[in-house]
Each structure stands twice: as structure tokens, then as C-alpha cells.
Amino acid sequence: MPPVVEQWLNTAPIWTMAILSLGGMLAAAVVGTYLRRRHDKRHGKPTKEEDSQQTFLVSSVMGLLALLIGFTFSMAVDRFDTRRHLVLEEANAIGTTYLRTQLLEEPHRARISKLLSEYTDVRIELATSKPGPAVRPLLQRSDGLIADLWTATVAAFPTMRPYDFSSSYLESMNLLIDTDAARQASRMAHVPSEVFIVLLLYQFMAAGVIGYTLSGEGGRRIAAFLLLLFGIALLLVFDIDHPTAGGIIESQRPMLQVQTFMKERPPASFDRFNEVGGGPTTR
């Protein structure tokens, strides 16, 4: 697959795919109708045996097209579920790291807490940004914050080294970094472009077959309805497969909840029980 075509399929807005799919099927159906009329003028109306063969042909074409769409839909949904799971995994990793950071000594606690808050903001913005030039600076900012978080952890490590807590803290920070790589990889994992190209071509051929076999006013209505269903099915698969280009995206609620938690509970709020008279009240 040429890189230009693959890049276009991975970044194209859904409306361009709608025009390509529906427009291509309409054109193929018109060509099929023209060929059928030309055939009827030369050879007359088809016999019952020919009608039976055409019915079998349409059924076979529709069945195979449904199988192809179902297979592609399953691939897209699997990738969608992976992205959704990684949102929760990253939110848990950030939240756990933030809580464990409150056990560090100053100034490391305030520094890493601030970096975690900034990192969460960038991750949410990155997950909801449409494909385009604005995404690259966000990716660079995200990668820079990852480097800053690890640099700050290296600076804080001597103060936590004597305690068993150090290994669990490094584990949570490493999980946060690993989840970043996993989410970036999941965003680039699409249904192979070859699958979409083959599916588009097969839809065009199926539309041509429908235009050829269905005639009359009723036939044209049935053909239009079938073409619309095929187009909607393909657009649904395309939408699910593109994380931010369409309307179906994985929910960022876990990340938003972590973001709210960190803003409402800054590092100083975890010191209230250490202050005189700051303990929990009892009756």
C-alpha cells in the first residue's frame, strides 16, 4: 500500500469517506443499470433461468459483503476496546503515582505532583484533539513531561532509597511511563489499509451487480436502500477505527476524574493530620 494512501485513510475526516463510499456505489449502480438496459435492448428480457441465476448471484455477493463488513467491524471494535482499557489503566497509574508522591520529602513532593498534574492535562487534551498539526506539539510536550518526571524521580530517589517504599514508587512511575507508550501505540493501530481498500472495491462491485439485476421503480428503491445500508455500515467501521477523527471515541472520564482529584487535593492538603489539632474529630 502506498504510504500516501495509507496516511490519507488514517487521517481523513469521516465525511470524505462518506462521499467516496456513497458516491462510488452510486456511480457503480448507474453503470450497472446502463449495462442492463443495453443488454435487454440487444437480447431481450432475461428468461426464468437467467433470473434464477441472477438472484443467486445477488445473494452470494450480499452474503460475502456482509461477511467482510462483519470481519472488519470486529477488528475495529477490538482496537476500540483496547484504547478504552488503556484509558482506565493510565488513569489508575497516574492516580497511584500521585498518592505515593505525597510520601516524598520536599521539594520532591511538590515538584513531581505539579508535573503529574501538567502531564494529565496534556494527556486529556491529546486524547481529544483532532488529527492535524496541533497534535505534534502535544506529543512533544507529553514526551518532555515523561522525561521530566523520570528526572525528578532520579533526584528524589536518594531520599527514599532507605525505605521499602522506594521499589513500589518506582514500579508505579514505570507503569505510568509504559502506559504512555501503550496508548500511543494503540492510537496508531488501525485496521490495515488494504482491508479498507478491498472493502471499498467490493462495495463498488456489489453496487454494480445490484444496479444490473434490479430494474424498475421498485428495484431502484431497493437498490438505493441497500446502498445506503452498505455505506452506513462502512462509515461505522471507519468511525470506530479512528480514535479522534469521528464521533465514536473512548471516554476520558477516568482521566478527568484523576485530573479533578489532583486539582482539588494539592500536596498541602495531605498534611492536615500532621498539624496540631488537625486530626479527625471524634464524638
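Throughout what follows, the structure given in this document is the object of discussion. (Residues numbered from 1 in each chain as written. Predicted model: local features only at pLDDT ≥ 70, side-chain atom pairs only at ≥ 80, totals over all residues. Heavy atoms only, no water.)

1. Topic: the overall build of the protein
No. 1: Broken down by element type, the protein carries nine helices and zero strands.
No. 2: Helices and strands in the protein line up, N terminus first, as α-α-α-α-α-α-α-α-α.
No. 3: Burial status across the protein gives 40% buried among its 283 residues.
No. 4: Counting every atom, the protein has about 16000 Å² of accessible surface; 64% of that belongs to carbon and sulfur. (Helix = DSSP H or I, 4+ residues; strand = E, 2+ residues; numbered from the N terminus. Buried < 20%, exposed > 50% of the residue type's maximum accessible area, 1.4 Å probe, protein only. Areas by Shrake-Rupley, 256 points an atom, 1.4 Å probe, with all protein chains shown as cover.)

2. Remarks on the nonpolar core
No. 1: Core analysis: the largest hydrophobic core is formed by 33 residues, its most contacted members being Met 17, Met 25, Met 62, Leu 65, Phe 196 and Phe 230.
No. 2: Of all the secondary-structure elements, those providing two or more residues to this core are α2 (14-43), α3 (48-101), α7 (193-213) and α8 (216-241).
No. 3: Among the elements that take part in this core, α7 stands out by supplying nine residues, more than any other.
No. 4: What Met 25 contacts, discounting residues up to four positions off in sequence, is Gln 203, Phe 204, Ala 207, Leu 227, Phe 230 and Gly 231.
No. 5: Grouped together as the second largest cluster of nonpolar side chains are 25 residues, Ala 93, Leu 115, Tyr 119 and Val 258 included. (Core = buried A, V, L, I, M, F, W, Y, C linked by side-chain atoms within 4.5 Å. Contact = heavy atoms within 4.5 Å.)

3. Brief notes about the packing of aromatic side chains
No. 1: The tally for this structure, following the rule as stated, stands at four aromatic pairs.
No. 2: With centroids separated by 6.3 Å and ring planes inclined at 65 degrees, the aromatic side chains of Tyr 98 and Phe 270 adopt a geometry described as edge-to-face. On the criterion of sequence distance, the pair formed by Tyr 98 in helix α3 and Phe 270 in the segment after α9 (253-264) is long-range, its members being 172 residues apart.
No. 3: Given the relative accessible area of 2%, Tyr 98 is considered buried.
No. 4: Using a relative accessible area of 31% as the deciding quantity, one classes Phe 270 as partly exposed.
No. 5: Between Phe 165 and Tyr 169, the aromatic rings sit 5.6 Å apart at their centres with planes inclined by 50 degrees, giving tilted as the arrangement. With Phe 165 and Tyr 169 both in helix α6 (residues 165-188) and four residues apart, this pair spans about one turn of that helix.
No. 6: Residue classification places Phe 165 among the buried residues on the basis of a relative accessible area of 18%.
No. 7: Pairwise contacts between aromatic rings join Tyr 98, Phe 261 and Phe 270 into one cluster.
No. 8: Above the face of the Tyr 212 ring, Arg 36 is positioned so that its terminal group lies 5.6 Å from the ring centre.
No. 9: Over the ring of Phe 273 we find Arg 272, and its NZ or CZ is 4.7 Å from the ring centre. (Phe/Tyr/Trp six-rings, centres within 6.5 Å; stacked < 30°, edge-to-face > 60°. Lys NZ or Arg CZ within 6 Å of the ring centre and 35° of its normal.)

4. Describing the packing of helix α4 (residues 108-127) against α6
No. 1: One can describe the packing of α4 onto α6 by two numbers: an axis separation of 13 Å at closest approach and a directional angle of 15 degrees. Considering the angle they form, α4 stands roughly parallel to α6. In terms of crossing hand, the pair formed by α4 and α6 is left-handed. Note on element contacts: α6 touches α4 through Tyr 169, Met 173, Leu 176, Asp 180, Arg 183, Gln 184 and Arg 187, opposite Ile 112, Leu 116, Tyr 119, Arg 123, Leu 126 and Ala 127.
No. 2: Classifying every residue of the contact of α4 with α6 gives eight nonpolar, one polar and four charged. (Axes fitted to C-alpha atoms, helices over the stretch in contact; angles between N-to-C directions. Parallel < 35°, antiparallel > 145°, perpendicular 65-115°, else oblique. Left-handed = near helix turned anticlockwise from the far one by under 90°. Nonpolar A, V, L, I, M, F, W, Y, C, P; charged D, E, K, R; others polar.)

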